[in-house]
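Residues per chain, in single letters:
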Amino acid sequence: MPLLTLPCQRLTLAILAPDQAELESEFYRRNQRHLAPWSPIRTTEYFSTEQIRRRLEIQASAFEAGLAMHFALLTPDGQQMIGACNFSGIIRGAFQACYLGYHIDESLQGQGLMHEALEAGIGYMFDTQNLHRIMANYIPGNERSARLLERLGFEREGYAKAYLNIAGRWQDHVLTALVNPLFETPDKRWSRQLA
């Protein structure tokens, strides 16, 4: 059983339990080539069920401590993982912010599923976790990510040279962020923004 589920119209967001590692392993093995241009270089062992089980144990602890929320995108029946959206590096105190990363199955691109998932995930992070800011960065030329973030209301805040080592080389990133409307107008919640 997942540690947390957020049902959406066409999918479910779930924080997977360690005993669900095979779902995640199968997703990454199926999409390894598709995700390679946007990911750090990884060994085949990184995608093994055992390695993922260990990571899910760490992610479960991070979830319980309020440090990160690693959501799997599941089919409505919960039988297949079709993507992920991760809210990581949560910092509390005066910052109340995190970083967002995401990816979806190659065969499901362009269907609005990631937009649907991120609306639910952002709503949870703003309305339940009470974060003030979510930051998301993308490689220049990744037009899908640029359009998705813009549709969700993320604003460009900067440009970072040699920001992350992706696909074996240090790559520049466009820096964007979304601020919780509750902090600007107390009667506005993220979920109301979607209506």
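Residues numbered from 1 in each chain as written. Predicted model: local features only at pLDDT ≥ 70, side-chain atom pairs only at ≥ 80, totals over all residues. Heavy atoms only, no water.

1. Looking at the side chain of His34
- By the secondary structure assignment, His34 is in helix 1 (residues 21-35).
- There is a polar contact of 3.1 Å between the side chain of His34 and the backbone oxygen of Ile104.
- In this structure His34 touches Ile104, Asp105, Glu106 and Gln109, once residues within four positions along its chain are discounted. (Helix = DSSP H or I, 4+ residues; strand = E, 2+ residues; numbered from the N terminus. Polar contact = N/O pair within 3.5 Å; in protein donor to acceptor, adjacent residues only side chain to side chain. Contact = heavy atoms within 4.5 Å.)

2. Overview of the sheet that holds strand 1 (residues 4-7)
- If you walk across this open sheet you meet the eight strands as 1-2-3-4-5-6-8-7, and the pairing is mixed. The strands lining the two open edges of the sheet, one partner per strand, are strand 1 and strand 7 (155-166). Taking each pair of neighbouring strands and ignoring which way they run, the sheet shows an average axis angle of 25°.
- Pairing of strand 1 with strand 2 (residues 12-15), which is carried by four bridges, proceeds in the antiparallel orientation. Bridge pairing in strand 2 places Pro7 opposite Thr12.
- In this fold helix 1 packs onto strand 3 (69-74), strand 4 (81-91) and strand 5 (97-104), with an angle of close to 95° to the strand it touches most, strand 4. (Pairing = 2+ DSSP bridges. Axes fitted to C-alpha atoms, helices over the stretch in contact; angles between N-to-C directions.)

3. Quick word on the UniProt feature "domain: N-acetyltransferase" (unreviewed entry) in the protein
- In the numbering used here, UniProt assigns the "domain: N-acetyltransferase" (unreviewed entry) feature to residues 25-181.
- Its end C-alpha atoms 36 Å apart, residues 25-181 is made of 33% helix and 34% strand. (UniProt positions renumbered as here; feature names shortened; annotations may be inferred.)

4. Some remarks on helix 3 (residues 113-128)
- The terminal C-alpha atoms of helix 3 lie 22 Å apart, and with 16 residues this matches the ideal 22 Å at 1.5 Å per residue to within 8%.
- Counting buried positions along helix 3 yields 13 of 16 residues, so the element is predominantly enclosed.
- A positive backbone phi angle near 60° is found at Asn130, which sits one or two residues after helix 3. (Expected span 1.5 Å × (residues − 1). Buried < 20%, exposed > 50% of the residue type's maximum accessible area, 1.4 Å probe, protein only.)

5. A short note on unusual backbone geometry
- For Ala162, which is not glycine, the phi torsion reads 45° and is therefore positive.
- By secondary structure assignment, the location of Ala162 is in strand 7.
- A positive phi angle, near 55°, is found at Ala167, a position not held by glycine.
- For Ala167, the position within the fold is in the loop between strand 7 and strand 8 (169-179).

6. Notes on helix 2 (residues 49-64)
- Here helix 2 spans 22 Å end to end across 16 residues, near enough to the 22 Å set by a 1.5 Å rise per residue.
- Tucked inside the fold, the buried residues of helix 2 contact strand 1, strand 2, helix 1, strand 3 and helix 3.
- Phi for Gly66, located one or two positions after helix 2, is positive at around 75°.

7. Let's talk about the pairing of strand 2
- Of the two faces of strand 2, the one holding Thr12 and Ala14 and the one holding Leu13 and Ile15 are both buried throughout.
- Where strand 1 hands over to strand 2, the hairpin turn is made up of four residues, counted between the paired strands.
- Taken together, the three bridges between strand 2 and strand 3 define a ladder with antiparallel strand orientation. What sits directly across from Ala14, in strand 3, is Ala72.

8. Quick look at the packing of aromatic side chains
- Counted by the stated rule, this structure contains five aromatic pairs.
- Taken together, a centroid distance of 6.2 Å and an interplanar angle of 85° make the contact between Phe71 and Phe87 edge-to-face. Placement of Phe71 in strand 3 and of Phe87 in strand 4 is noted, with a sequence separation of 16 residues between them. For the pair Phe71 and Phe87, one class covers both residues: buried.
- For the ring pair Phe71 and Tyr124, a centre distance of 5.9 Å and an interplane angle of 90° mean the geometry is edge-to-face. Of this pair, Phe71 sits in strand 3 while Tyr124 sits in helix 3, placing them 53 residues apart in sequence. Like Tyr124, Phe71 is buried.
- Among the aromatic residues, those joined into a cluster by ring pairs are Phe27, Tyr28, Tyr46 and Phe47. (Phe/Tyr/Trp six-rings, centres within 6.5 Å; stacked < 30°, edge-to-face > 60°.)

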